[in-house]
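Residue-level structure breakdown
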Amino acid sequence: MSQTSIMTGAVPAATGTVVEARGPRPKPFFTPRKIIIYSILVMFSLYYLFPLYVMFSTSLKSMPEIRFGNIFALPTAPNFDAWIRAWTSACTGLTCEGLSPGFWNSVKITIPSTIVSIFIAAVNGYALINWRFKGSEIFFAILIFGSFIPYQVFLYPMVMIAREMKIFGTLQAVIIVHTVFGMPILTLLFRNYFASLPQELFKAARVDGAGFWRIFFEIMLPMSLPIFVVALILQVTGIWNDFLFGVVFAGTQNYPMTVQLNNIVNSAQGTPEYNVNMAATVLTGLVPLAVYFVSGKWFVRGVAAGAVKG
């Protein structure tokens, strides 16, 4: 290969002729636009991760180190004593049993509320888009309108209803409230997602004689994994992080984890134990964090698919 062809980027052919290189030149990775975008992303990532770092590092420190040290410094002798105390013996009001009772109460509330609300919303969305009945659009409009009314407006009527049903102060009341308030927005998501699926499959199943439930379970559900993951994330995180319904409807013996955390942080007994408070905060947020990390990619896919049609 001649020096001239190397300098000009030409490639010698087998016959001795010179073939010029074609196509756009590769762009450098570090362009000004990419540098700006990645700088902004890194800045916002650090902004949101920094409080988590402070909580986790503080939970591993002893109280003397917290009082006389730097809040941003790493723990000199990390230990999990504060975590054990937050889970087993921290005072949450009149009792000192830690977060463990609240954790199991949250589990008992979250699992049935999530399953029932997602199933009902999926059936609603499926019926509204594929089995239209008279007044279905009015029903859907009322349902969506209700989802934008603040929860506080319905609080007192719901308390009265729960009292008349003899379930006020029980886990059943919290489960019913979360199920009712979760259905409107989930119905909207499922309706939009089912609208984006090929209608030919539904029509072909109808021609073959399949009924309402057979089409739903055998055709629609297998194609709806992304939107089910979106609904699962929304309900699990929303119900698990809820404080208002838990403190109002659950009763003192059935407080969920968020209410127990509030009682630990705001306890007036003794001096504030910041390491225990931080450990309790991290423990309370572990379940939503785990759900997001495990199913984050499905969440993006489901939201994108559910926003195609209205």
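Think of each chain on its own: its residues are numbered from 1, step by step along the sequence as written. pLDDT decides what is reported in this predicted model: residues at 70 or higher carry local features, side-chain atom pairs at 80 or more are listed and counted, and totals for whole chains, interfaces and linings draw on all residues regardless. With hydrogens and water set aside, each side-chain value is computed from the structure's full complement of heavy atoms.

1. Side note on the overall build of the chain
Across its full length, the chain holds 14 helices and two strands. Expressed as a percentage of its 310 residues, the buried residues of the chain come to 37%. Sequence separation of at least 24 residues holds for 71% of the intrachain contacts in the chain that already meet a minimum separation of 6. Here the Shrake-Rupley method, with its probe set to 1.4 Å, supplies the accessible areas, and only the displayed protein chains count as covering residues. When the accessible surface of the chain is split by element, carbon and sulfur atoms take 70% of a total near 18,800 Å². For the purposes of this entry, the term helix denotes a DSSP run of H or I that reaches at least four residues, the term strand denotes a run of E that reaches at least two, and both are numbered from the N terminus. Here's how the labels work: a residue is buried when its accessible area is under 20% of the maximum for its type, exposed when over 50%, partly exposed in between, all with a 1.4 Å probe on protein chains only. Contacts are assigned to residue pairs that have any heavy atoms within 4.5 Å of one another.

2. Quick notes on the nonpolar core
Among the nonpolar cores identified, the biggest contains 22 residues, and Y126, F190, F194, I215 and M220 are the most heavily contacted of them. Put simply, the parts of the chain that give this core at least two residues each are α5 (100-130), α8 (171-196), α9 (199-207), α10 (212-220) and α11 (225-240). Excluding residues that lie within four positions of it along the chain, M220 makes contacts with Y126, N130, F194, L197, F202 and I215. Of all hydrophobic cores here, the second largest spans 17 residues; its members include I109, I167, F249 and V259. By nonpolar core is meant a set of buried Ala, Val, Leu, Ile, Met, Phe, Trp, Tyr and Cys residues that side-chain atoms within 4.5 Å join together.

3. Section: the side chain of K61
Within the secondary structure layout, K61 lies in the loop between α2 (32-59) and α3 (63-68). Buried and unpaired, K61 has E65 as its nearest opposite-charge partner, separated by 5.0 Å. A distance of 3.0 Å separates a polar side-chain atom of K61 from the backbone oxygen of N70. At a separation of 2.7 Å, a polar atom in the side chain of K61 contacts the main-chain carbonyl oxygen of A73. Those residues within four positions of K61 in sequence are excluded, and the remaining contacts are I66, N70, I71, A73, L74, P75 and N275. In this tally Asp and Glu are treated as negative and Lys and Arg as positive; neither His nor the chain ends contributes. The rule for a salt bridge is simple: a side-chain nitrogen of Lys or Arg has to be within 4 Å of a carboxyl oxygen of Asp or Glu. Nitrogen and oxygen atoms within 3.5 Å of one another constitute a polar contact, given that in protein one can donate a hydrogen and the other can accept it, and given that sequence-neighbouring residues count only through two side-chain atoms.

4. Some words on the state of the cysteines
In a disulfide, the sulfur atoms of two cysteines are covalently bonded to one another. By definition, disulfides here are pairs of cysteine sulfur atoms that lie within 2.5 Å. This model, assessed by the stated rule, comprises one disulfide. Across the disulfide from C91 sits C96; the S-S distance is 2.0 Å. Because the torsion about its S-S bond is 85°, the bridge between C91 and C96 counts as right-handed. The class of C96 is partly exposed, set by a relative accessible area of 39%.

5. Topic: the packing of α8 against α11
It is at 10 Å that the axes of α8 and α11 come closest, and there the two elements cross at 155°. One finds that α8 runs roughly antiparallel with respect to α11. When you trace α8 past α11, the crossing you get is right-handed. Contacts from H178, G182, L186, L189, F190 and Y193 in α8 reach P226, I227, F228, V230, A231, L234, Q235 and I239 in α11. Every angle, taken between N-to-C directions, lies between 0 and 180 degrees, and every axis is a line fitted to C-alpha atoms, over only the stretch in contact when it is a helix. For this classification, under 35 degrees means roughly parallel, over 145 means roughly antiparallel, 65 to 115 means roughly perpendicular, and everything else is oblique. Should the near helix be turned anticlockwise from the far one by less than a right angle, the crossing is termed left-handed; should it be turned clockwise, right-handed.

6. Regarding the packing of α5 against α11
The packing of two helices is summarised by the inter-axis angle and the distance between the axes. At a closest axis distance of 9 Å, the pairing of α5 and α11 adopts a crossing angle of 145°. Crossing handedness for the pair α5 and α11: right-handed. Residue-level inspection shows F103, S106, V107, I109, T110, S113, T114, S117, I118 and A122 of α5 in contact with α11, the latter providing F228, A231, L232, Q235, V236, I239 and W240. Each residue is assigned to one of three groups, with Ala, Val, Leu, Ile, Met, Phe, Trp, Tyr, Cys and Pro labelled nonpolar, Asp, Glu, Lys and Arg labelled charged, and all others, Gly among them, labelled polar. Here the contact of α5 with α11 is built from residues that sort into 11 nonpolar, six polar and no charged.

7. Description of α8
For α8, built from 26 residues, the straight-helix expectation of 38 Å at 1.5 Å per residue is met to within 8% by its first-to-last C-alpha distance of 37 Å. Along its length, α8 shows its largest kink, about 40°, at M183, and proline P184 lies within four residues downstream of that point. Expected helix span is taken as 1.5 Å per residue step, with the number of steps being one fewer than the number of residues. A residue's bend is given by the angle between axes fitted to the 7 residues ending at it and the 7 residues starting at it.

8. Quick notes on a nonpolar patch on the surface
Each patch is built from salt-bridge-free residues with over 30% relative accessible area, joining like charges within 9 Å and nonpolar side chains (Val, Leu, Ile, Met, Phe, Trp, Tyr) within 5 Å. Where nonpolar side chains cluster on the molecular surface, the patch consists of I111, I115, V116, F119, I120, W213 and F217 and spans about 650 Å² of accessible area. Elements supplying a minimum of two residues to the nonpolar patch: α5 and α10. Per-element tally for the nonpolar patch: the top contributor is α5, with five residues. Here F119 shows up in helix α5.

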